[in-house]
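# Results of the structural survey
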Amino acid sequence: MHQEPKSGTRLKTPEEVILGTPGLSSDLRQKLVPIISALTRGGKIMASLISRGPLLGITGSAGKENIQGEEVQTLDRIGQDTFCQALGQTQKVRELLSEEEPLPTFFPESDPDGLLVAMDPLDGSSNISVNASIGSIFAIFRRSRTQEPEDLFGGDRREILAGAYILYSASTSFVMAIDQKTYLFTMDPSFGGEFLGTGEPVFFPSGGKIYSTNESYAPLWEQGIQDYITWVKTARQPVMTSRYIGALVGDLHRNLLKGGIYLYPAEGVPGKGHGKLRLLYEAYPMALICQFSGGIATDGVNPILSIKPGSDLHARVPLIAGPMDLVSEFHKRTGHPL
Ligand code: P6P
């Protein structure tokens, strides 16, 4: 559960939490602190631009498509440039993979032992023009020493160290999963835009009754998933209620605080689809956040974090994410017990 800070609680910044985590070496702390500062600095800039978007005329389309074949919004590009510049300036990021760029950005001036970052700089772009929640999603990886320079993101020889997202909504939240814990911070616009939180870990509540999915695709899903969705609405005790924002960050954040399961199953021919969410910069970070919050993320069969990416750095996966009780129930009902 997430406890609101009580009056008088001394609030902490994400950097202070990292400096206090026991399981990180000083070398990793020295890399992670400036990287997390770059993410929150980029988040402040994006929050300011998003909140003034209609006045600045930046809520529309950029008039081109990204590698995913999706229409790029002006704020997608601004997000790409904002976070790429902030991360490059740290000189602690060796390489940046982004949804908005076909190939990773390599920072030759950075620390040769720098970390890898994969990001979706602005997720849920279709919500921008209607003032609905959107977010930025990040995964931070450690390079393995055996990797050749040109093979930074290739193969499976890297380890995810942290997952994080920024939610631009009624308030701007920063959620960070690191060293076996998940932490929640809120931006204080009146205090120079600093992100502050209790420093206490956040956990999914059990017994949640929310499911989040786009049911218009239900006819395309495997029969077992169609039956599960029918069951949660009719025969399950208690029945579940549907909440779907259309932005992964917004749906996952609500489900983290209230208890709910997010489902984006494979579409197309049952059992042959690949889902929509991207493995490296959407599913992986959300899977780490779920895991460190007492939950799990899977592709409907296997844990997301057990999936080794292939050569396609923008590979998609089905995503089932939420608290252990609800995801386990889904897997049991669809014939793939965890
Ligand atoms: P649909 C946004 O485009 C996104 O990648 C996720 O943030 C969101 O959960 C999902 O796709 C929405 O997809 O097909 O329901 O519009």
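What you see is a predicted model, and the numbers here were worked out from it, not measured in a lab. For every chain, the first residue of the written sequence is number 1, and numbering continues from 1 along that sequence. Selection of residues for local features in this predicted model requires a pLDDT of at least 70, selection of side-chain atom pairs for listing and counting requires 80 or more, and totals for whole chains, interfaces and linings are taken over all residues. Side-chain descriptors were evaluated using all non-hydrogen atoms of the structure, hydrogens and water having been removed beforehand.

### Some details on the overall build of the protein chain
Strands here are runs of E lasting at least two residues and helices are runs of H or I lasting at least four, both read from the DSSP assignment and numbered beginning at the N terminus. Helix and strand counts for the protein chain stand at eight helices and 17 strands. In terms of C-alpha radius of gyration, the protein chain reaches 19 Å, essentially the compact-globule figure of 20 Å for 338 residues. Considered along the principal axes of its C-alpha atoms, the protein chain spans approximately 55 × 50 × 45 Å. A separation of at least 24 residues holds for 62% of the contacts in the protein chain among residues at least 6 apart in sequence. As presented, the protein chain carries roughly 14,400 Å² of accessible surface, and 52% of it is formed by carbon and sulfur atoms. Side chains of the protein chain carry 31 positive and 37 negative charges; the gap between the two charge centres is 5 Å. Here the globule rule is a power law, 2.2 Å times the number of residues to the power 0.38, and the radius of gyration is based on C-alpha atoms. Note on contacts: a residue pair qualifies if any of its non-hydrogen atoms lie within 4.5 Å across the two residues. For the area figures, the Shrake-Rupley method with a 1.4 Å probe applies, and any residue is considered shielded solely by the protein chains shown. Note on charges: Lys and Arg go in the positive column, Asp and Glu in the negative column, and His and the chain ends are not counted at all. To locate a charge, take NZ of a lysine, CZ of an arginine, CG of an aspartate or CD of a glutamate.

### Some details on the site of the ligand
Inspection of the region around the ligand gives 13 residues, with Asp123, Tyr217, Tyr244, Leu248 and Tyr264 positioned closest. In the model, an oxygen atom of the ligand is placed 2.5 Å from a nitrogen or oxygen of the Asp123 side chain. Residue Tyr244 places a side-chain N or O atom 2.6 Å away from an oxygen atom belonging to the ligand. Each residue belonging to the shell around the ligand can be placed in one class, and the counts come to seven nonpolar, three polar and three charged. Any residue with a heavy atom positioned within 4 Å of a molecule or strand is treated as near that molecule or strand. Here a polar contact is recorded for every N or O atom pair within 3.5 Å, except that within protein the pair must consist of a potential hydrogen donor and a potential acceptor, and residues adjacent in sequence are included only if both atoms are side-chain atoms. Amino acids are sorted into nonpolar (Ala, Val, Leu, Ile, Met, Phe, Trp, Tyr, Cys and Pro), charged (Asp, Glu, Lys and Arg) and polar (every other residue, Gly among them).

### Re the packing of aromatic side chains
Each Phe, Tyr or Trp ring, with Trp reduced to its six-membered ring, pairs with another whose centre is within 6.5 Å; inter-plane angles below 30 degrees give stacked pairs, above 60 give edge-to-face pairs, and intermediate values give tilted ones. Here the structure, examined in full by the defined rule, presents seven aromatic pairs. Seen in terms of ring centroids, Phe83 and Phe138 are 4.9 Å apart; in terms of plane orientation they differ by 70 degrees. Their pairing is edge-to-face. Here the residue Phe83 occupies a position in helix α4 (residues 74-90), and Phe138 occupies one in strand β6 (residues 134-143), the gap between them amounting to 55 residues. Note on exposure labels: buried denotes an accessible area under 20% of the residue type's maximum, exposed denotes more than 50%, and partly exposed covers the range between, all computed with a 1.4 Å probe on protein chains only. For Phe138, a relative accessible area of 1% corresponds to the buried category. A ring pair is formed by Tyr228 and Phe330, whose centres lie 5.0 Å apart and whose planes are at 85 degrees; its orientation type is edge-to-face. Here Phe330 lies in helix α8 (residues 324-333) and Tyr228 lies in helix α5 (residues 223-234), a separation of 102 residues in the sequence. Exposure class is identical for Tyr228 and Phe330. Each is buried. One aromatic cluster is present, built from ring pairs that chain together Phe174, Phe185 and Phe195. Here, a charge over a ring is recorded when the distance from Lys NZ or Arg CZ to the ring centre is within 6 Å and its angle to the ring normal is within 35 degrees. The residue whose ring lies beneath Arg333 is Trp231, and the NZ or CZ to ring-centre distance is 3.9 Å.

### Brief notes about the domain arrangement of the protein chain
According to the domain assignment, the protein chain contains domain 1 (14-196) and domain 2 (210-333). Between domain 1 and domain 2, the residue contacts involve 44 residues of the former and 28 residues of the latter. Of the roughly 2,600 Å² buried at the junction of domain 1 and domain 2 (both faces included), carbon and sulfur atoms supply 67%. Salt bridges are defined by distance alone: a side-chain nitrogen of Lys or Arg within 4 Å of a carboxyl oxygen of Asp or Glu. Where domain 1 touches domain 2, the interface holds one salt bridge. The partner of Arg278 in a salt bridge is Glu99, and the shortest N-O contact between them spans 3.1 Å. Residue ranges for the domains trace back to a domain assignment, done automatically or taken from a database. By buried area we mean how much accessible surface two parts lose on assembly, using a 1.4 Å probe and totalling the loss over both.

### A word on the environment of Asn127
Considering the arrangement of structural elements, one finds Asn127 in the loop between β5 (115-123) and β6. Separated by 204 residues in sequence, Asn127 and His331 place their C-alpha atoms 30 Å apart. Ignoring anything within four residues of it in the chain, the contact list for Asn127 reads Ala132, Ser133, Ile134, Ile245, Gly246 and Ala247. Within the structure, Asn127 has its side chain in polar contact with the backbone oxygen of Ile245 (distance 3.2 Å).

### Here we look at the packing of helix α2 (residues 26-51) against α4
Helix axes are fitted only over the stretch in contact, all axes being lines through C-alpha atoms; the angle between N-to-C directions runs from 0 to 180 degrees. One way to put it is that α2 packs onto α4 with a least axis distance of 9 Å and a crossing angle of 155 degrees. Viewed along their axes, α2 and α4 adopt a mutual orientation that is roughly antiparallel. For the element pair α2 and α4, the recorded crossing hand is right-handed. Residue-level inspection shows Pro34, Ile35, Ala38, Leu39, Arg41, Gly42, Gly43, Ile45, Met46, Leu49 and Ile50 of α2 in contact with α4, the latter providing Leu75, Ile78, Gly79, Thr82, Phe83, Ala86, Leu87, Gln89 and Thr90. An angle counts as roughly parallel when it lies under 35 degrees, as roughly antiparallel when it exceeds 145, as roughly perpendicular when it falls between 65 and 115, and as oblique in every other case. It is the rotation of the near helix from the far one that decides the hand of a crossing: anticlockwise by less than a right angle makes it left-handed, clockwise makes it right-handed.

### Details of the sheet that holds strand β12 (residues 241-242)
Between any two strands, pairing holds if DSSP finds at least two bridges. Ordered by their spatial adjacency, five strands build an open sheet running β12-β11-β13-β17-β15, and the pairing between neighbours is mixed. For this open sheet the edge positions go to β12 and β15 (295-298), each flanked by a neighbour on one side alone. By the bridge criterion, three bridges tie strand β13 (residues 260-264) to strand β17 (residues 319-323) in an arrangement that is antiparallel. By the bridge assignment for β17, Tyr262 is matched with Ala321. Packed onto the sheet, helix α7 (residues 279-292) meets β15 and β17 and runs at close to 155 degrees relative to β15.

### Considering α8
Taken together, the buried positions of α8 are Leu326, Val327, Glu329, Phe330 and His331. Note on α8: the residue one or two positions beyond its end, Gly335, has a positive phi of about 85 degrees.

### A few points about unusual backbone geometry
The omega angle of the peptide bond from Gln237 to Pro238 is -10 degrees, so this bond is cis rather than trans. Of note, Gln91 is a non-glycine position whose phi angle comes to about 60 degrees, a positive value. Assignment of secondary structure puts Gln91 in the loop between α4 and β3 (93-98). Judged by relative accessible area, Gln91 falls into the partly exposed class, the value being 41%.

### Comments concerning the pairing of β13
Most of β13 is tucked away, with five of its five residues classed as buried. The alternating pattern of β13 places Gly260, Tyr262 and Tyr264 and Ile261 and Leu263 on opposite faces, both of which are buried. Pairing of strand β11 (residues 210-212) with β13 involves three bridges; the strand directions are parallel. Pairing of Ile210 across the sheet is with Gly260, part of β13.

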